[in-house]
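Commentary on secondary and tertiary structure
Take a look at the letters that make up each chain.
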Amino acid sequence: MPSETGVLVVVPARYASTRYPGKPLVALTGADGVARTLIRRSWEAAMAVQGADRVVVATDDDRIREHAEGFGAEVVMTSEDCRNGTERCAEAHEVLGGGFGIVVNLQGDAPLTPAWFVEDLVAGLRADPGAEIATPVLRCEGAMRESLLEDRRNGRVGGTTAVFGAGGRGLYFSKEVIPYCGRNYAPEEMTPVFHHVGVYAYRPAALAAYPGWQIGPLEALEGLEQLRFLENGRSVKCVEVEARGRQFWELNNPEDVPRLEAMMAGMGMA
């Protein structure tokens, strides 16, 4: 039975991605030369999280279900009507009967997510009773900021950035590189820009309310699901995490595949 203080980790995955159809089943080759699918690598990242009481893949596609069950994942089937990963997590929690104290959304396109990102995120939400949702942010060095800017200059949707105020309260999230800095930074120099890591920890009441809210103008413009919380006056806590020498990136576009594979090779990740 779930515990009211327990942690459920959901890995949402859909086949019909607008930008990259079939993305969860795309193969990524690790440093050992072995190829494993994106959804398998994301599930393995979720399984590495200490303190997770249950890990499930949530999907609406039988191809993903069959593949995930084939490598040993527990799968929850959800509706095709889910508009994003947060809605899919809400439905998965409901299908499982609820009862968890925290639900984590470790998105199925984030296989490089270190376990401590999620562990620190859960700890940050538990330590802040006023927050209803928490998400990690990673301070950018100059080289990462320049990479984000280069993506935008070339018309690519790259990483998301976050700005937040006192107590880590989220002010805004954008696919543009914010805040404006007015100068350049050396490659290893720390900048005021924070890369948003697409992982979320929700309190069940806020997660259950989310699908009932209309998509607001900012969410529609940016295509960022977390903005629905801000547009409905909910408190989003940004939890700063440390890279500890790890590289991080999400698979957003087909051209990200070689980028992720190069990162895995450089870090010696199988």
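As a reminder, the structure under discussion sits directly above these lines.
Computed from a predicted structure; not experimentally measured.

For the rest of this paragraph, the subject is the overall build of the chain. The helix and strand inventory of the chain stands at nine helices and 12 strands. Computed over the C-alpha atoms, the radius of gyration of the chain is 18 Å, within 12% of the 18 Å expected from 2.2 N^0.38 for a compact globule of 270 residues. Counting all 270 residues of the chain, 53% fall into the buried class. Within the chain, residue pairs in contact and separated by at least 24 positions form 70% of the contacts whose partners lie at least 6 positions apart. Element-wise, carbon and sulfur atoms account for 50% of the exposed surface of the chain, whose accessible area totals about 11600 Å².

Below, the discussion takes up the pattern of salt bridges. Side chains that carry opposite charge are capable of pairing whenever their charged atoms lie near each other. Going through the model one piece at a time under the given rule, you end up with 22 salt bridges. Asp62 is paired through a salt bridge with Arg65; the nearest N and O atoms lie 3.3 Å apart. Linking Asp62 with Arg65, this pair stays in helix 2 (residues 62-70), spanning three residues, or about one helical turn. Residue class for Asp62 comes out partly exposed when judged on its relative accessible area of 44%. Among the salt bridges present, the one from Arg156 reaches Asp151, with a minimum N-O distance of 2.8 Å. Judged by relative accessible area, which is 26%, Arg156 ranks as partly exposed. The class for Asp151 is buried, based on a relative accessible area of 3%. Taken together, the shared-partner salt bridges connect Asp62, Arg65, Glu66 and Glu69 into one network.

Moving on to the packing of aromatic side chains. Tallied over the entire structure, the rule returns nine aromatic pairs. On the basis of an interplanar angle of 20 degrees and a centroid distance of 6.1 Å, the ring pair of Tyr200 and Tyr202 is categorised as stacked. Residue class for Tyr200 comes out buried when judged on its relative accessible area of 3%. On the numbers, 5.7 Å between centres and 90 degrees between planes, the contact of Trp213 with Phe229 is edge-to-face. Linking Trp213 in the loop between helix 6 (204-209) and helix 7 (217-222) with Phe229 in helix 8 (residues 227-231), this pair joins segments that are 16 residues apart in sequence. Taken individually, Trp213 and Phe229 each receive the classification buried, so the pair is uniform in this respect. Between the NZ or CZ atom of Arg63 and the centre of the ring of Tyr15, over which it lies, the distance is 3.6 Å. When the ring centre of Trp249 is taken as reference, the NZ or CZ atom of Arg259 above it lies at 4.3 Å.

Criteria and cut-off values
Residues numbered from 1 in each chain as written. Predicted model: local features only at pLDDT ≥ 70, side-chain atom pairs only at ≥ 80, totals over all residues. Heavy atoms only, no water. Helix = DSSP H or I, 4+ residues; strand = E, 2+ residues; numbered from the N terminus. Rg over C-alpha atoms; globule rule 2.2 N^0.38 Å. Buried < 20%, exposed > 50% of the residue type's maximum accessible area, 1.4 Å probe, protein only. Contact = heavy atoms within 4.5 Å. Areas by Shrake-Rupley, 256 points an atom, 1.4 Å probe, with all protein chains shown as cover. Salt bridge = Lys/Arg side-chain N within 4 Å of Asp/Glu carboxyl O. Phe/Tyr/Trp six-rings, centres within 6.5 Å; stacked < 30°, edge-to-face > 60°. Lys NZ or Arg CZ within 6 Å of the ring centre and 35° of its normal.

By themselves, these observations are geometric and do not establish any function.
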